[in-house]
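What follows is the residue order along each chain.
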Amino acid sequence: MLKLLILLTILGSIAAHLKDNANQIYIGTALSPSHFSDAQYQSIAAAEFNSLTPENEMKWDAVEPSQGNYNYGQADQLVQFAQQNGMKIRGHTLVWHSQVPGWVNGLSGDTLHQVMIDHITNEVTRYKGSIYAWDVVNEMFNEDGSYRQSIWYNNFQTQFVADAFTAAAAADPGAKLYINDYNIESINGKSTGLLNLVTQLKSQGVPIHGVGFQAHLAVGQIPSDLAANLQRFTALGLEVAITELDIKQNGQSQDAQAQAYTQVINACTSTSGCVGVTIWGFTDKYSWISSDNACPWDGNYQAKPAVSAIEQALK
Ligand code: G3I
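Here the structure is a predicted model, which means the values were calculated and not measured.

Undergrad: For this particular structure, what's the right way to read the overall build of the chain?
TA: When you go through the chain residue by residue, the secondary structure sums to 13 helices and nine strands. Taking 315 residues into account, the globule formula puts the C-alpha radius of gyration at 20 Å, and the chain, at 20 Å, falls close to it. Within the chain, the proportion of its 315 residues that are buried is 55%. Put simply, of all contacts in the chain between residues at least 6 apart along the chain, 78% involve residues at least 24 apart.

Quick look at the structure:
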């Protein structure tokens, strides 16, 4: 009897991985190979998740620090890790106002345009066939739904968006091409500005396939209209994904945080066309949010209640 109980416990713990329940949607995490010397980091990432997003390693400053000199070492490590562990890869990110190397910031006009196309073509071609989805354009809106002043918008207005997606599609026709942003989880000015842009891009025949909702959230502030908002976008024939989820504890209990994670996963699973949820780093040990315990695992790799809540919600 005791042996049977031990066996069942072992089997239970073997089965209790998030990805084993992620049949309807994928469950991903942002990763960085700079933490790969930490064995627990690697083993939990491989055991629990079936998708990864490079946290920084595919950004422009990491990949092309000077013109035409491409450095894919760290990005390659992540691609290899994903392939060894049966994980999808979300490529992040091609055109963004941030993490743009200094040499790009000095350019304008046709030269800048050509540099953008070259960068996209080189990076997307390198990983052709390996990347499930690319965040082609990242964070191009202000909070009121107007366009962010950036090197891209200031030079090309919104034309850079169509051109970036077209270049990415030419380099890897099999990849899903996304636009990605934060604070667009509820129905608000920013998400409506984005909705208007993607509606226009679709009507122009631009190859855009998905919208990424970053979802950097806090307990007590999970939008009640998240699913309704996602459905505004799937109604256009686009897929959607939660791409950078973390939930600050915000002075609340870990159980309240677990409930908040459940709410977000439920919004995705209840939306036909919501294909997956990616957590922006699974452990507080390396989270970009240093002080508010936003991840499902704590800084010592202990699972918080959020882990079993996510597991249940995925079922
Ligand atoms: O790699 C350098 C290192 O050489 C240097 O010694 C060190 C000193 O500060 O900086 C290191 O670069 C840092 C990099 O992360 C890698 O650790 C940058 O300073 C730091 O700004 C950068 O922060 C990242 C941030 O994006 C800016 O790119 C965060 O890790 C990353 O989590 C965060 O992710 C973003 C998404 O890409 C887009 N959405 C929001 C999200 C959170 O801000």
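Undergrad: How should the packing of helix α7 (residues 109-126) against helix α9 (residues 159-171) be read in this particular structure?
TA: Two elements in contact, α7 and α9, have axes whose closest approach is 8 Å; the angle formed by their N-to-C orientations is 30 degrees. Where α7 crosses over α9, the two elements pack in a sense that is right-handed. Touching H113, M116, I117, I120, T121, V124 and T125 of α7 are F160, D163, A164, A167, A168 and A171, all from α9. Looking at the contact of α7 with α9 residue by residue, the classes come out as nine nonpolar, three polar and one charged.

Undergrad: What is the right way to read the side chain of T53 from this model?
TA: Here T53 shows up in strand β2 (residues 51-54). Among the residues examined, T53 registers a relative accessible area of 1% and is labelled buried.

Undergrad: Whenever I open this one, the pattern of salt bridges confuses me. Can you help?
TA: Any two side chains of opposite charge can pair, given that their charged atoms come close. For the coordinates displayed, the defined rule picks out seven salt bridges. The closest approach of N and O atoms between R90 and D135, which form a salt bridge, is 2.8 Å. Of this pair, R90 sits in strand β3 (residues 88-96) while D135 sits in strand β4 (residues 133-138); the two residues are 45 residues apart in sequence, bridging distant segments of the chain. Here the salt bridges do not stand alone but share partners, grouping E143, D181 and K190 into one network.

Undergrad: Teacher, can you tell me more about unusual backbone geometry here?
TA: What you tend to see is this: most non-glycine residues have negative phi, and most peptide bonds are trans. Following H92, the chain continues into T93 via a peptide bond in cis, with omega recorded as 0 degrees. Within the secondary structure, T93 sits in strand β3. Located in the positive-phi region is Q157, a residue other than glycine, with phi close to 45 degrees. Note on placement: Q157 falls in the loop between α8 (151-156) and α9.

Undergrad: In this structure, what is going on with the site of the ligand? I would like to understand it.
TA: The environment of the ligand is formed by 13 residues, the closest being E55, K59, H92, E139 and E244. Between the ligand and E55, the relevant distance is 2.4 Å, taken from an oxygen atom to a side-chain nitrogen or oxygen of the residue. Take Q99: an N or O atom from its side chain is 3.3 Å from an oxygen atom of the ligand. When the ligand is considered free in solution it has 790 Å² of accessible area, and contact with the protein chains removes 46% of it.

Undergrad: What's the story with the pairing of strand β6 (residues 210-213) in this structure? I'm lost.
TA: Residues in a regular strand point their side chains to alternate faces of the sheet. Residue alternation in β6 divides its side chains into two sets, G210 and G212 and V211 and F213, and both sets are buried. Relative to β6, strand β5 (residues 176-181) runs parallel, the two sharing four bridges. Directly across from D181, in β6, lies its bridge partner F213. In terms of handedness, the path from β5 via helix α10 (residues 189-203) over to β6 forms a crossover that is right-handed. As paired elements, β6 and strand β8 (residues 239-248) share four bridges and run parallel to each other.

Reading the values: the criteria
Residues numbered from 1 in each chain as written. Predicted model: local features only at pLDDT ≥ 70, side-chain atom pairs only at ≥ 80, totals over all residues. Heavy atoms only, no water. Helix = DSSP H or I, 4+ residues; strand = E, 2+ residues; numbered from the N terminus. Rg over C-alpha atoms; globule rule 2.2 N^0.38 Å. Buried < 20%, exposed > 50% of the residue type's maximum accessible area, 1.4 Å probe, protein only. Contact = heavy atoms within 4.5 Å. Axes fitted to C-alpha atoms, helices over the stretch in contact; angles between N-to-C directions. Left-handed = near helix turned anticlockwise from the far one by under 90°. Nonpolar A, V, L, I, M, F, W, Y, C, P; charged D, E, K, R; others polar. Salt bridge = Lys/Arg side-chain N within 4 Å of Asp/Glu carboxyl O. Near = heavy atom within 4 Å. Polar contact = N/O pair within 3.5 Å; in protein donor to acceptor, adjacent residues only side chain to side chain. Areas by Shrake-Rupley, 256 points an atom, 1.4 Å probe, with all protein chains shown as cover. Pairing = 2+ DSSP bridges. Right-handed = clockwise from strand over helix to strand, strands pointing away.

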